[in-house]
Structures are given as C-alpha cells and as structure tokens.
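# Overview (structure and organization)
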Amino acid sequence: MNDFINKLNKFEEGCAAFALIGIAFLTFVETVLRYTISYTFPWFGEVANYTIIFSTYLGAAIGVKYGTHFSMEALTEYCPDKISHLLKTAAYFISAVMAVFFVYYGFKHILTLKSFGVKSPAMQLPMFIPYIPIPLFSITMAFRFFTLSYRHFNGFLRGEPFERVRKK
C-alpha cells in the first residue's frame, strides 16, 4: 500500500509541476506574440484556463497530503489527546464524505455535459473533458482524508499523544 501511495505522490507532484510549467510557458509565448507581432492563437486562452482548472484540483489533492488546507486548530490545541484525536477523526471523515460528494456530482456533471455534446469554441474540445479533474482528484482527496481519519482514530484507540501545532 505504501508503494502505491508513493507512486501516487510522485505522479501527482510531477503532473502539478508539468501543468504549472505549461501554464507559464503558454502565457509567456502568448504575451510575447501579442506584443511583438500583434497576434495570438485563439486556443492559448482555453488551454491555459483548462490547465488552471486541472492544477487547482490537483493542488487541492496534494494539499491534503501536506496538511495545508484551512482548518481550525484552537479546539484541538487545548483539548486532551483523546478528544483531539476524536475531533480530527470527525473533521477528516466529514471532509472525506464531502470529497465523495464532489466525485459523485462531478461525474454526474460530466455525463450531463457529454450528453449535450457541447464543444469549446476555439479547440472544439468536448466540454466534459476539462471537468474530468474535479471528480478524478476528488477521489484522491477522499482517499487521503479517509486515511487521515483512520490514523487519528487509531491514535485515539491506542492512546497515542496528539501532535500539537508548533508555533515558531
């Protein structure tokens, strides 16, 4: 299982790096073309927008891994260890359930768009394709949230000390 998680981490971070470099490169080329020869390709904007959507949801999935999502820590900082573990278990479990809702409604939205047959204006790309990252990366978010919830629940059962946030 750890091997799968390590491969998933490398894949996600590689995709994020590639996507961000791609956005930067496309934006640079578009800007240079616009100000030097007063021309730009109509599909540059679409590719940049779809890559930003991809990067946003991929970044959210990676953010779960690093614990960078917004959270309220005040209660868990001052509660006993067992209660802190239970609070984190509940918070991560609720977050995982919400990510499962994103998966469900994301796929539902994709199927709806696919049935309409709508295409993007410049690239003539089926419009359901840019929305695929929403349920796809929500799956990895849900997996990571469920894993964190499970770890805190095990910490509660074993009576392990709760790791507090360190202020520098």
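Below is a short write-up of the structure.

About the cut-offs
- Residues numbered from 1 in each chain as written.
- Predicted model: local features only at pLDDT ≥ 70, side-chain atom pairs only at ≥ 80, totals over all residues.
- Heavy atoms only, no water.
- Helix = DSSP H or I, 4+ residues; strand = E, 2+ residues; numbered from the N terminus.
- Buried < 20%, exposed > 50% of the residue type's maximum accessible area, 1.4 Å probe, protein only.
- Polar contact = N/O pair within 3.5 Å; in protein donor to acceptor, adjacent residues only side chain to side chain.
- Axes fitted to C-alpha atoms, helices over the stretch in contact; angles between N-to-C directions.
- Parallel < 35°, antiparallel > 145°, perpendicular 65-115°, else oblique.
- Contact = heavy atoms within 4.5 Å.
- Nonpolar A, V, L, I, M, F, W, Y, C, P; charged D, E, K, R; others polar.
- Patch = residues over 30% accessible without salt bridge, like charges linked within 9 Å, V, L, I, M, F, W, Y side chains within 5 Å.
- Areas by Shrake-Rupley, 256 points an atom, 1.4 Å probe, with all protein chains shown as cover.
- Salt bridge = Lys/Arg side-chain N within 4 Å of Asp/Glu carboxyl O.
- Core = buried A, V, L, I, M, F, W, Y, C linked by side-chain atoms within 4.5 Å.

In this section: the environment of Thr31. Residue position: Thr31 is located in helix α1 (residues 2-36). For the pair Thr31 and Trp43, spaced twelve residues apart in sequence, the C-alpha to C-alpha distance is 14 Å.

What follows deals with the side chain of Thr51. Secondary-structure assignment places Thr51 in helix α2 (residues 43-66). Overall, the relative accessible area of 19% leaves Thr51 in the buried class. Among the polar contacts made by the side chain of Thr51, one reaches the main-chain carbonyl oxygen of Val47 at a distance of 2.6 Å.

Looking now at the packing of α2 against helix α5 (residues 133-158). Their axes nearest at 9 Å, the elements α2 and α5 cross at an angle of 5 degrees. When the axes of α2 and α5 are compared, the pair comes out roughly parallel. Contacts between α2 and α5 involve Phe54, Tyr57, Leu58, Ala60, Ala61, Ile62, Val64 and Lys65 from the former and Pro133, Ile134, Phe137, Thr140, Met141, Arg144, Phe145 and Leu148 from the latter. Taken together, the residues of the contact of α2 with α5 break down into 13 nonpolar, one polar and two charged.

Here we take up a nonpolar patch on the surface. Judged by side-chain polarity, Phe93, Ile94, Met98, Val100, Phe101, Tyr104, Tyr105 and Phe146 come together as a nonpolar surface patch covering roughly 800 Å² of accessible area. The leading source of residues in the nonpolar patch is helix α4 (residues 81-116), at seven residues. Checked against the element boundaries, Phe93 lands in helix α4.

Another point: the nonpolar core. Among the nonpolar cores identified, the biggest contains 15 residues, and Leu58, Val64, Met141 and Phe145 are the most heavily contacted of them. Secondary structure elements with two or more residues in this core: α1, α2, α4 and α5. In contact with Met141, other than residues within four places in its own chain, are Ala60, Ala61, Val64 and Ala99.

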